Amino acid sequence: FHNGEFWNFYSGFDGAAWYTGVAMSPDGVSWTRRGRVLAPDPNTWDRGYIAANGSALWHNGEFHYWYEAGDRDGAKRIGLARSSDGLHFRKESKPVLDVGPYRSWDESAVADPYVMEAGGWLYMYYLGQDRAVPPHQRIGVARSPDGLSWEKLRSNPIVDMAPPGLGAMDENGAGEPAVFVWREHYWMLITGRDVYEHRRLAALWSNDGIHWTRQPREFAGDQFWNRAVICDPTVLVDAASMRVWFGGGDVARNDEGLHGQIGVGSLQ
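Residues numbered from 1 in each chain as written. Predicted model: local features only at pLDDT ≥ 70, side-chain atom pairs only at ≥ 80, totals over all residues. Heavy atoms only, no water.

Draft legend 1. Quick peek at the nonpolar core. In this structure, Y125, I158, V159, M188, I190 and W212 are the most contacted members of the largest nonpolar core, which totals 17 residues. When residues of this core are traced back to their parent elements, those giving at least two are β8 (109-118), β9 (121-129), β10 (137-144), β12 (173-182), β13 (185-193) and β14 (199-206). The next biggest cluster of nonpolar side chains, apart from the first, holds 15 residues, and it includes Y114, F219, W225 and V235. (Core = buried A, V, L, I, M, F, W, Y, C linked by side-chain atoms within 4.5 Å. Buried < 20%, exposed > 50% of the residue type's maximum accessible area, 1.4 Å probe, protein only. Helix = DSSP H or I, 4+ residues; strand = E, 2+ residues; numbered from the N terminus.)

This is the structure we're talking about:
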């Protein structure tokens, strides 16, 4: 929420690549598209497949947008683009968060950043993948004084996926974190992928943003358009409510064929 309007930096797929667009709204429900604002470039490090799945924050007088980048078959990394008006962005020339070393929990990909400010630091919660087949998908955190130089915490990963064979909602992976503060605790919504690629949301809470306790309740889609998938949450908290914008789809798949749309709800 900035200058009296809601800003939605959303991901769109044109059949060949993922881009970031922006839409604006006076109430968070009715949106006006303002067009594409970020695209992958095959001639640079982001390799021409994705410049999307990002997290926006108004910081030091401009929009900072941390985004996922990479090619379809290569490692995913996180870049940063900045803009004074939210419509024209300039990219950093190299990733700001790279994959981990050989045999680390995030050696194959770092993706789906979610950035928040706390105690004079910026904290980035992100998805990491190892090189297992299929890859294990977990959540870690890094911190930065400026949004450019990031230090991964040694306690990573901070949220693990469920063990196999239990039929859990995140048996195929936990990711897409959204972190916010409510009633003097940190809260996190995550997307869990089960063995059939249905996706649901789960909530966790923490005293310090590092050590998390999962809540028993899960959130699933209850309408035709999101009956198979709800994912990618973003949360805004004010005095009256906790509003959640989320992605949804009617097909349980692990690729772009979800018929993806965006919805809004509230946490209670």
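Draft legend 2. Spotlight on the environment of I158. Tracing the sequence through the fold places I158 in the loop between β11 (151-152) and β12. I158 sits in the buried class, given a relative accessible area of 13%. With 55 residues separating them along the chain, I158 and T213 place their C-alpha atoms 10 Å apart. For I158, the residues in contact, after removing those within four places along its chain, are Y125, I139, G140, V141, M188, G209, I210 and W212. (Contact = heavy atoms within 4.5 Å.)

Draft legend 3. The side chain of R199, seen in detail. You can see R199 is positioned in strand β14. Despite its burial, R199 pairs with no opposite charge; the closest candidate is E176, at 4.1 Å N-O. Side-chain polar atoms of R199 contact the backbone oxygen of R253, separated by 2.9 Å. Apart from the residues lying within four places of it in its own chain, the contact partners of R199 are E176, T191, G192, R193, A228, V229, I230, C231, R253, N254 and L258. (Lys, Arg positive; Asp, Glu negative; His and termini not counted. Salt bridge = Lys/Arg side-chain N within 4 Å of Asp/Glu carboxyl O. Polar contact = N/O pair within 3.5 Å; in protein donor to acceptor, adjacent residues only side chain to side chain.)

Draft legend 4. Here's a closer look at the sheet that holds β10. Strand order in this open sheet of 4 strands is β8-β9-β10-β11, and the pairing throughout is antiparallel. Here the strands that pair on one side only, and so sit at the sheet edges, are β8 and β11. Where β10 lies against β11, 2 bridges are found, and the strand directions are antiparallel. Considered in β11, the bridge of A142 is made with K152. (Pairing = 2+ DSSP bridges.)

Draft legend 5. Representation of the pairing of strand β5 (residues 62-70). Among the 9 residues of β5, 9 are classified as buried, and the element is accordingly described as predominantly covered. The sheet contact formed by strand β4 (residues 50-59) and β5 spans 8 bridges and is antiparallel. Across the sheet, I50 pairs through a bridge with G70, a residue of β5. As defined by bridge partners, β5 adjoins strand β6 (residues 77-83) across 7 bridges and the pair is classed as antiparallel. Residue E68 lies in a different strand from β6, and its bridge partner there is I78.

Draft legend 6. Structural view of the packing of aromatic side chains. If you walk through the whole model with that rule in mind, you get 17 aromatic pairs. Considering the side-chain rings of F1 and F6, the 4.7 Å spacing of their centres and the 65° angle between planes classify their relative orientation as edge-to-face. Seen in terms of ring centroids, Y65 and Y67 are 6.2 Å apart; in terms of plane orientation they differ by 10°. Their pairing is stacked. Using a relative accessible area of 2% as the deciding quantity, one classes Y65 as buried. Take Y67: its relative accessible area is 0%, and that puts it in the buried class. Here the aromatic cluster, defined as three or more aromatic residues joined through ring pairs, consists of W7, F9, W45, W58, F63, Y65, Y67 and F89. Over the aromatic face of Y19 sits the side chain of R36, whose NZ or CZ is 3.6 Å from the ring centroid. (Phe/Tyr/Trp six-rings, centres within 6.5 Å; stacked < 30°, edge-to-face > 60°. Lys NZ or Arg CZ within 6 Å of the ring centre and 35° of its normal.)

Draft legend 7. Quick peek at the pattern of salt bridges. Per the counting criterion, the structure on display carries 17 salt bridges. Here E62 ties to R90 by a salt bridge, and the two come within 2.9 Å at their closest N and O atoms. Placement of E62 in strand β5 and of R90 in strand β7 (residues 90-91) is noted, with a sequence separation of 28 residues between them. Overall, E62 belongs to the buried group, its relative accessible area being 13%.

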